[in-house]
Amino acid sequence: QVQLVESGGGLVQAGGSLRLSCAASGLTFSSYGMGWFRQAPGKEREFVAAISWSGGSTYYADSVKGRFTISRDNAKNTVYLQMNSLKPEDTAVYYCAAPKSPYAPNRGTYYYQYSYWGQGTQVTVSS
């Protein structure tokens, strides 16, 4: 049974930083690309960042490029999202996700490419 557990959310002032973590179990983590998505109240879930199974490729939404960094530690079965220069518009519930199959050939920038989701962690950025 695949489980994804996010942590690290919280309340931060604009311009501040947070690091989100997502601990994975029930899958061969090093074989799976991983993604981060977010959903603000009244809005659809949107792509934030993705990383390939090897960690050699990363992808970002334009809105976070240059401010957020996705990384992974395969020894710890954990994917991270370092968020710097946070803005009030980054306020959302952040979810990590894993696809159904390992070695997915796609970039993983669409929510339908993922089958497993964590419970989410709230990030609130005050102005």
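In this text, all values refer to a predicted model and were calculated from it rather than measured experimentally. (Residues numbered from 1 in each chain as written. Predicted model: local features only at pLDDT ≥ 70, side-chain atom pairs only at ≥ 80, totals over all residues. Heavy atoms only, no water.)

A. Highlighting the overall build of the chain. Each helix and strand in the chain was counted, giving 0 helices and 11 strands. Seen in sequence order, the chain has helices and strands lined up from the N terminus as β-β-β-β-β-β-β-β-β-β-β. A compact globule built from 127 residues would reach a C-alpha radius of gyration of about 14 Å, and the chain, at 13 Å, matches this within 12%. Dimensions of the chain, computed from C-alpha atoms along their principal axes, come out at roughly 40 × 25 × 25 Å. Counting across all 127 residues of the chain, residues that qualify as buried make up 42%. In the chain, 58% of the contacts between residues at least 6 apart in sequence involve partners at least 24 apart. (Helix = DSSP H or I, 4+ residues; strand = E, 2+ residues; numbered from the N terminus. Rg over C-alpha atoms; globule rule 2.2 N^0.38 Å. Buried < 20%, exposed > 50% of the residue type's maximum accessible area, 1.4 Å probe, protein only. Contact = heavy atoms within 4.5 Å.)

B. Local environment of the side chain of T121. Note on placement: T121 falls in strand 11 (residues 121–126). Side-chain polar atoms of T121 contact the backbone nitrogen of G9, separated by 3.2 Å. When near neighbours in sequence (up to four residues on either side) are disregarded, T121 contacts E6, S7, G8, G9, L20, A92, V93 and Y94. (Polar contact = N/O pair within 3.5 Å; in protein donor to acceptor, adjacent residues only side chain to side chain.)

C. Expanded view of the layout of surface pockets. A volume near 170 Å³ is recorded for the largest pocket. Lining the largest pocket are 17 residues, and of these G33, S52, A104, N106 and R107 lie nearest its centre. For the lining of the largest pocket, the class distribution of residues is 10 nonpolar, 6 polar and 1 charged. (1 Å grid on protein atoms, 1.4 Å probe; cavity = no way out; pocket = protein on both sides within 12 Å on 5 of 7 lines; lining within 4 Å. Points joined across faces, edges and corners; volume = space filled by probe spheres on them. Nonpolar A, V, L, I, M, F, W, Y, C, P; charged D, E, K, R; others polar.)

D. Region of interest: the state of the cysteines. Counting across every chain of the model gives 1 disulfide. C22 shares a disulfide with C96; S-S distance 1.9 Å. The sign of the S-S torsion, about 45°, decides the handedness of the disulfide formed by C22 and C96: right-handed. With C22 in strand 3 (residues 18–25) and C96 in strand 9 (residues 92–98), this residue pair connects regions lying 74 residues apart in the sequence. The class of C22 is buried, set by a relative accessible area of 0%. (Disulfide = S-S within 2.5 Å.)

E. The arrangement of a nonpolar patch on the surface in detail. On the surface, Y110, Y111 and Y112 cluster together to form a nonpolar patch covering roughly 420 Å² of accessible area. With respect to the helices and strands, Y110 occurs in the loop between strand 9 and strand 10 (116–117). Taking the relative accessible area as the measure of exposure, Y110 reaches 46% and is therefore partly exposed. (Patch = residues over 30% accessible without salt bridge, like charges linked within 9 Å, V, L, I, M, F, W, Y side chains within 5 Å. Areas by Shrake-Rupley, 256 points an atom, 1.4 Å probe, with all protein chains shown as cover. Salt bridge = Lys/Arg side-chain N within 4 Å of Asp/Glu carboxyl O.)

F. Spatial organisation of the environment of A75. Mapped onto the secondary structure, A75 falls in the loop between strand 7 (68–73) and strand 8 (78–83). Assessed through its relative accessible area of 76%, A75 is described here as exposed. The sequence separation of A75 and F29 amounts to 46 residues, and the corresponding C-alpha distance is 8.9 Å.

G. A look at the environment of D73. Following the sequence through the fold, D73 ends up in strand 7. Exposure remark for D73: the relative accessible area of 23% places this residue in the partly exposed category. A C-alpha to C-alpha distance of 17 Å links D73 and Y59, two positions 14 residues apart in sequence. When neighbours within four sequence positions are excluded, D73 is seen to be in contact with F29, T78 and Y80.

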